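Below, each chain spelled out in residue letters.
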Amino acid sequence: MALKFATDVSTAQTDYGTVLLNERAGEYWELNPTATLVVNILMAGGEEADAAAALAGEFDIDLAQATDDVEALVRQLRTSGLAG
């Protein structure tokens, strides 16, 4: 499922990943390079399975672990109100 940030969330790419600002709550979140890779794939319309495959290939981790990591990241972004 594609991911979309809430309208009150601003993003900025850095040398270390992505910084998110929840303007409503005044909270900053930092995504590391692995989370940034996942988010970029999902924001471009990719599926969680696509993001997990890219994560496993790029960082040489087990596909099952990558799938769990992608699901956990998406769940956290959604429960925090950053993404829908």
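Cut-off values and rules
Residues numbered from 1 in each chain as written. Predicted model: local features only at pLDDT ≥ 70, side-chain atom pairs only at ≥ 80, totals over all residues. Heavy atoms only, no water. Helix = DSSP H or I, 4+ residues; strand = E, 2+ residues; numbered from the N terminus. Expected span 1.5 Å × (residues − 1). Buried < 20%, exposed > 50% of the residue type's maximum accessible area, 1.4 Å probe, protein only. Arc of directions from axis to C-beta. Contact = heavy atoms within 4.5 Å. Polar contact = N/O pair within 3.5 Å; in protein donor to acceptor, adjacent residues only side chain to side chain. Salt bridge = Lys/Arg side-chain N within 4 Å of Asp/Glu carboxyl O.

Asks: Describe helix H3 (residues 63-79), listing the residues and the values that go with them.
Replies: Side chains of residues three or four places apart in an α-helix project in the same direction, reflecting 3.6 residues per turn. Taking 1.5 Å per residue as the helical rise, H3 with its 17 residues ought to reach 24 Å, and the 24 Å between its terminal C-alpha atoms agrees with that figure. Listed as buried for H3 are Ala66, Val70, Leu73, Val74 and Leu77. Along the long axis of H3, the arc covered by the buried residues comes to 95°, so they all point the same way. Opposite the buried face of H3, at more than 90 degrees from it, the exposed residues are Arg75 and Thr79. Those residues of H3 that are buried lie in contact with strand S2 (17-22), strand S3 (27-31), helix H1 (33-43) and helix H2 (48-59). If you check the start of H3, you find a side-chain oxygen 2.9 Å away from the backbone N of Ala64, and it comes from Asp62. Gly81 lies just past H3 and shows a positive phi near 85°.

Asks: So, H2: which residues are in play, and what are the values?
Replies: Counted at 1.5 Å a residue, the expected span for H2 with its 12 residues is 16 Å, and the 16 Å between its end C-alpha atoms agrees. Taken together, the buried positions of H2 are occupied by Ala51, Ala52, Leu55 and Ala56. All buried residues of H2 project into a common sector of 135° when viewed along the axis, lining one side. Of the residues in H2, the exposed ones pointing more than 90 degrees away from the buried face are Ala49, Gly57 and Glu58.

Asks: Which residues make up the side chain of Asp8, and what are the values?
Replies: Relative to the elements of secondary structure, Asp8 occurs in the segment before strand S1 (9-14). Not counting chain neighbours up to four residues away, the residues in contact with Asp8 comprise Leu21, Asn22, Glu23 and Arg24.

Asks: Give me the pattern of salt bridges: which residues, what numbers.
Replies: On inspection of all chains with the given rule, the structure shows 1 salt bridge. Its salt-bridge partner being Asp8, residue Arg24 comes within 2.8 Å of it at the nearest N-O pair. Of this pair, Arg24 sits in the loop between S2 and S3 while Asp8 sits in the segment before S1; the two residues are 16 residues apart in sequence, bridging distant segments of the chain. Among the residues examined, Arg24 registers a relative accessible area of 56% and is labelled exposed.

Asks: Tell me about the environment of Ser10, and name the residues and values.
Replies: The topology assignment puts Ser10 in strand S1. Those residues in contact with Ser10, other than ones at most four positions away along the chain, are Val19, Leu20, Leu21 and Glu23. A distance of 2.2 Å separates the side chain of Ser10 from the side chain of Glu23, its partner in a polar contact.

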